[in-house]
Amino acid sequence: ANTLSVDRRACQAAGMVDYLAKPVNRDKLRKAIEHWGTRTRTLRDQQQLQRLMSTTLFEPQDLKRLEKEVDRSIIPEIADGFLRESRVRLLQIELALAEDRIEDIADYAHPLKSSSGSFGARRLCQWANYLDSAAKGGHRKEIEAVFGDVENCFTETREQLTAYIEAIQAEN
């Protein structure tokens, strides 16, 4: 095992970001894993958030598919139910977060993900998926950091879906 500072520099010059000399000390290894594991997760989360923000907010073709599956006249009622249920789920997530019941957030985020995907609310679906994953991992700070963005996404989704409903009602 090469432990000279020359060896350390050579390894880092080759692209390594850290270096542990043999024999490996368990505490140093644990600290390195914690340090780099957190940094890797943070980078992965930043990349996921960038992809999430670039996801289309709403996909009208998904609603066109829904129109083929059900009577078009009941879509406003179904959409209204989706919006009410989504709002309830978001309030449940907010309350669970305030009461430090992180594990419960996944129970609320998962159905929000499913219903959002069914309605073509793709970005809201992705946000709900992110909340679900963060809750299952016990990542409270991540949930706190993005919850406002999730609520803003719901507001934008509600506005677009409401405009769609109004267009359907105007045609009838």
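Conventions adopted
Residues numbered from 1 in each chain as written. Predicted model: local features only at pLDDT ≥ 70, side-chain atom pairs only at ≥ 80, totals over all residues. Heavy atoms only, no water. Helix = DSSP H or I, 4+ residues; strand = E, 2+ residues; numbered from the N terminus. Buried < 20%, exposed > 50% of the residue type's maximum accessible area, 1.4 Å probe, protein only. Contact = heavy atoms within 4.5 Å. Salt bridge = Lys/Arg side-chain N within 4 Å of Asp/Glu carboxyl O. Phe/Tyr/Trp six-rings, centres within 6.5 Å; stacked < 30°, edge-to-face > 60°. Core = buried A, V, L, I, M, F, W, Y, C linked by side-chain atoms within 4.5 Å. Expected span 1.5 Å × (residues − 1).

Asker: Help me get a handle on the environment of Gly148, residues and values and all.
Answerer: Residue placement: Gly148 occurs in helix H7 (residues 140-171). The exposure class assigned to Gly148 is partly exposed, which follows from its relative accessible area of 37%. When the C-alpha positions of Gly148 and Glu94 are compared, they lie 9.9 Å apart, and in sequence the two are 54 residues distant.

Asker: Give me the environment of Gln160: which residues, what numbers.
Answerer: You can see Gln160 is positioned in helix H7. Considered as a pair, Gln160 and Ala121 are 39 residues apart in the sequence and their alpha carbons are 9.6 Å apart. Leave out the neighbours within four places in its chain, and Gln160 touches Leu57 and Phe58.

Asker: Give a detailed account of the pattern of salt bridges, specifying residues and quantitative values.
Answerer: Applying the stated criterion across every chain yields a total of eleven salt bridges. The partner of Asp100 in a salt bridge is Arg140, and the shortest N-O contact between them spans 2.9 Å. In this pair, Asp100 is assigned in the loop between helix H4 (75-98) and helix H5 (102-119) and Arg140 in helix H7, connecting sequence segments 40 residues apart. You can call Arg140 partly exposed: its relative accessible area is 26%. Of the charged contacts in the structure, one is a salt bridge between Arg123 and Glu156, with a shortest N-O distance of 3.9 Å. With a gap of 33 residues between them, Arg123 in helix H6 (residues 122-136) and Glu156 in helix H7 connect regions that are remote in the sequence. When its relative accessible area of 15% is taken as the criterion, Arg123 is described as buried.

Asker: Lay out the packing of aromatic side chains with the relevant residues and their values.
Answerer: When we look at a pair of aromatic rings, we describe it by the centre distance and by the angle of the planes. One pass over the structure, following the stated rule, counts two aromatic pairs. For the ring pair Phe82 and Phe119, a centre distance of 4.7 Å and an interplane angle of 15° mean the geometry is stacked. Here Phe82 is found in helix H4, whereas its partner Phe119 is found in helix H5, with 37 residues between them in sequence. Neither Phe82 nor Phe119 differs from the other in exposure class; each is buried. An angle of 85° between the planes, with centres 6.2 Å apart, marks the rings of Trp127 and Tyr130 as edge-to-face. With a gap of three residues between them, Trp127 and Tyr130 both fall in helix H6, about one helical turn apart.

Asker: Help me get a handle on the nonpolar core, residues and values and all.
Answerer: If you look at the biggest cluster of nonpolar residues, it comprises 37 residues, and the most contacted ones within it are Ile105, Leu124, Ile143 and Leu161. Taken together, the elements giving at least two residues each to this core come down to helix H3 (60-69), H4, H5, H6 and H7. The greatest single-element share of this core, amounting to ten residues, is contributed by H7. Not counting residues within four places of it along the chain, the set of residues in contact with Ile105 comprises Ile93, Ala96, Leu97, Leu131, Ala135 and Ile143.

Asker: Describe in detail H5, supporting the description with residues and values.
Answerer: Along its 18 residues, H5 runs 26 Å from first to last C-alpha, staying within 8% of the 26 Å computed at 1.5 Å per residue. For H5, every residue scored as buried is listed here: Ile102, Asp104, Ile105, Ala106, Tyr108, Ala109, Leu112, Lys113, Ser116 and Phe119. Just downstream of H5 lies Gly120, where phi reads positive at about 85°.

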